[in-house]
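Summary of structural features
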Amino acid sequence: MKTNYKNFNSAAEGALDSLVAEASTTLTDPNKFDPIETYLSRWVTSLQRGQYEPDDLELATMVISHAGVQAIKWLEENHGPFNKKEMVDIVCRKQHDYGHKNITNFGTIGVGIRVCDKIARIKNLTKIGEPEVHNESLKDSYIDIVGYSMIALMLQNDSFHLQLKEKA
């Protein structure tokens, strides 16, 4: 699916708009990440074994985007209204620092693995309790999942490669 975004920033905004729209019609699931983590783990394992089906990439992107939708729901329930501008700014700042190769080296597969890492972190932080967190907070991990979900959608619509908008 090709898009007509002019730059990375507008593509990131479009991906986030899609996630936020879906979040507005989705119920919160207390076990939200269990099926996502299970699917992505099995998917990566099947890819390692050479069992690749063309539709797998599209389904994996849908699963990753659902993780982003659930992360948005959690952020809204625990931190108030979701700030779309702030989220796009975070993704664009990180893109500036990392560049394209960080993601394009492994594509959606790498994004899926990173989402699984964040889910494992959230589960562990939930188990040990927020006051015991020494680095990034639960909120930071949920924000990262939203960012990775945006990136998965941008990879799918071929807009991830676009250049960042120049600062005004």
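Report follows, based on the coordinates. (Residues numbered from 1 in each chain as written. Predicted model: local features only at pLDDT ≥ 70, side-chain atom pairs only at ≥ 80, totals over all residues. Heavy atoms only, no water.)

1. A closer look at helix α2 (residues 34-48)
Note on helix geometry: an α-helix contains 3.6 residues per turn, so any two residues three or four positions apart are oriented the same way. Applied cut-off: Helix and strand assignments follow DSSP, with helices taken as H or I runs no shorter than four residues and strands as E runs no shorter than two, numbered in order from the N terminus. Multiplying one less than the number of residues by 1.5 Å gives the expected span of a helix. With a 1.4 Å probe rolled over the protein chains alone, any residue whose accessible area is under 20% of its type maximum counts as buried; one over 50% counts as exposed, and the rest are partly exposed.
Its 15 residues give α2 an end-to-end C-alpha distance of 21 Å, which sits within 8% of 21 Å, the value for a rise of 1.5 Å per residue. Among the residues of α2, I36, E37, L40, W43, V44, S46 and L47 are the ones counted as buried.

2. Some remarks on the packing of helix α4 (residues 84-98) against helix α7 (residues 138-156)
Relative orientation and spacing of two packed helices are given, respectively, by the angle between their axes and the distance between those axes. Formally: Between N-to-C directions, angles span 0 to 180 degrees; the directions come from axes that are lines fitted to C-alpha atoms, helices contributing only their stretch in contact. Oblique is the label for every angle not falling under 35 degrees (roughly parallel), over 145 degrees (roughly antiparallel), or within 65 to 115 degrees (roughly perpendicular). Every residue pair with non-hydrogen atoms within 4.5 Å of one another is taken to be in contact. The classification used treats Ala, Val, Leu, Ile, Met, Phe, Trp, Tyr, Cys and Pro as nonpolar, Asp, Glu, Lys and Arg as charged, and all other residues, Gly among them, as polar.
Two elements in contact, α4 and α7, have axes whose closest approach is 10 Å; the angle formed by their N-to-C orientations is 70°. The orientation of α4 with respect to α7, classified from their angle, is roughly perpendicular. Two secondary-structure elements touch here, α4 through M87, V88, I90, V91 and K94 and α7 through I143, D144, V146, G147 and M150. A class-by-class count of the residues in the contact of α4 with α7 yields seven nonpolar, one polar and two charged.

3. Let's talk about the nonpolar core
Put simply, the test is: The criterion is simple. A nonpolar core is a set of buried Ala, Val, Leu, Ile, Met, Phe, Trp, Tyr and Cys residues joined through side-chain atoms within 4.5 Å.
Formed by 50 residues in total, the largest nonpolar core has its most connected members in L16, V146 and M150. Contributing elements (two or more residues each) for this core: α1 (8-23), α2, α3 (54-79), α4, α6 (107-128) and α7. In terms of residue count, the dominant contributor to this core is α7 (eleven residues). Beyond its immediate chain neighbours, meaning those up to four positions away, L16 contacts I72, F82, K84, M87, V88, V146 and M150.

4. Describing the pattern of salt bridges
Definition in use: Criterion for a salt bridge: a side-chain nitrogen of Lys or Arg within 4 Å of a carboxyl oxygen of Asp or Glu.
Per the counting criterion, the structure on display carries eight salt bridges. We note a salt bridge from K118 to D144, for which the minimum N-O separation is 2.8 Å. Residue K118 is located in helix α6, and its partner D144 is located in helix α7; the two are separated by 26 residues in the primary sequence. As far as burial versus exposure is concerned, K118 and D144 are alike and both buried. Connected through salt bridges with shared partners, the residues K94, K118, R121, E136 and D144 form a single ionic network.

5. Topic: unusual backbone geometry
Phi is positive for D158, which is not a glycine, with a value near 60°. Residue placement: D158 occurs in the segment after α7.

6. So, the environment of D117
By secondary structure assignment, the location of D117 is in helix α6. Residue classification places D117 among the partly exposed positions, given a relative accessible area of 49%. On a C-alpha basis, the gap between D117 and K73 in space is 19 Å, while along the polypeptide they are 44 residues apart.

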